[in-house]
Amino acid sequence: MAPTIKIAVAQTNLVVGKIATNLANIIKYLHYADQQQADLVVFPEMAVTGYHPGDLLFRAGFMAEVEQAIEQIKQVNKHQKLAIILGTPKRGQFGYYNALLLIDHGEIKQTQYKYQLPNYGNFDERRYATPGPVPSIIEWKWRNLGLIIGVDLWFDSPTTELASQGANIIISINASPFK
């Protein structure tokens, strides 16, 4: 039987477009979760940029700031015992992805992309993002993790696929704007 794991959930107050502010919050929560001896800390969808960054994704330099923030997070995590699940936009071959990173000991161990892109109401993700492939599991700490983003949880195909691959735990990161 696998040992228990302690999961911390960072319900942060993220600000759209304020990468430095969001980074400071993320680092604060990383230190707190590490002090609490968590094995894993889970941040929301688009934690680095705030949800949803919209047209900011198309601004010169914005993604460079995102990538610098991720590098700083990796540097902090290098000296910690916990792993991180972090939402961020990510550049890809066909545009941008709404991505989830699993970072452990300062290294990105898994990148997962949002599979279902909502396109109604406050959600206009198809304009900005490319859908990713159906998610796959990652082995971490003797468990098969299924990692999904936002509305992927609302549809059967991502979770059914992860279950068929043997997922022991499914973690969904979400961040919906409020009215």
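Located above this text is the structure these notes cover.
Residues numbered from 1 in each chain as written. Predicted model: local features only at pLDDT ≥ 70, side-chain atom pairs only at ≥ 80, totals over all residues. Heavy atoms only, no water.

### Topic: the sheet that holds strand S5 (residues 107-113)
Part 1 of the reasoning: One open sheet holds the five strands; their spatial order is S1-S2-S3-S4-S5, and the pairing between them is mixed. The open sheet is flanked by strand S1 (7-9) and S5, the only strands paired with a single partner. Taking the axes of each pair of neighbouring strands and ignoring which way they run, one obtains an average angle of 35° across the sheet.
Part 2 of the reasoning: On top of the sheet, helix H2 (residues 62-77) reaches strand S3 (83-92), strand S4 (95-104) and S5; it is set at about 155° to S3, its chief contact. (Pairing = 2+ DSSP bridges. Helix = DSSP H or I, 4+ residues; strand = E, 2+ residues; numbered from the N terminus. Axes fitted to C-alpha atoms, helices over the stretch in contact; angles between N-to-C directions. Contact = heavy atoms within 4.5 Å.)

### Topic: the environment of alanine 175
Part 1 of the reasoning: Structurally, alanine 175 can be placed in the segment after strand S10 (169-173).
Part 2 of the reasoning: The exposure class of alanine 175 is buried, given its relative accessible area of 15%.
Part 3 of the reasoning: Taking the C-alpha atoms as reference, alanine 175 lies 7.0 Å from glycine 150; in sequence the two are 25 residues apart. (Buried < 20%, exposed > 50% of the residue type's maximum accessible area, 1.4 Å probe, protein only.)

### Looking at the sheet that holds strand S9 (residues 143-149)
Part 1 of the reasoning: If you trace the three strands from one edge of the open sheet to the other, you get S8-S9-S10, paired in mixed fashion. At either margin of the open sheet sits one strand with a lone partner, and together these are strand S8 (138-140) and S10. Direction aside, the axes of adjacent strands within the sheet are offset by 40° on average.
Part 2 of the reasoning: Here three bridges tie S8 to S9, and the two strands are oriented antiparallel to one another. When the sheet's bridge partners are listed, isoleucine 138 is paired in S9 with leucine 145.

### Points about unusual backbone geometry
Part 1 of the reasoning: Note the cis peptide between tyrosine 51 and histidine 52, where omega equals -15°.
Part 2 of the reasoning: Structurally, histidine 52 can be placed in the loop between strand S2 (40-42) and H2.
Part 3 of the reasoning: Phi angles above zero are rare outside glycine, and glutamine 37 is one such case at about 60°.
Part 4 of the reasoning: Mapped onto the elements of the fold, glutamine 37 is located in the loop between helix H1 (19-35) and S2.

### Brief notes about the nonpolar core
Part 1 of the reasoning: One finds Leu30, Phe43, Val48, Ile73, Ile84 and Leu86 to be the most contacted residues of the largest nonpolar core, which totals 28 residues.
Part 2 of the reasoning: Every element with two or more residues in this core is listed here: H1, H2, S3 and S4.
Part 3 of the reasoning: Counting 14 residues, the second-largest nonpolar core is a separate cluster that includes Ile5, Ala83, Trp140 and Ile171. (Core = buried A, V, L, I, M, F, W, Y, C linked by side-chain atoms within 4.5 Å.)

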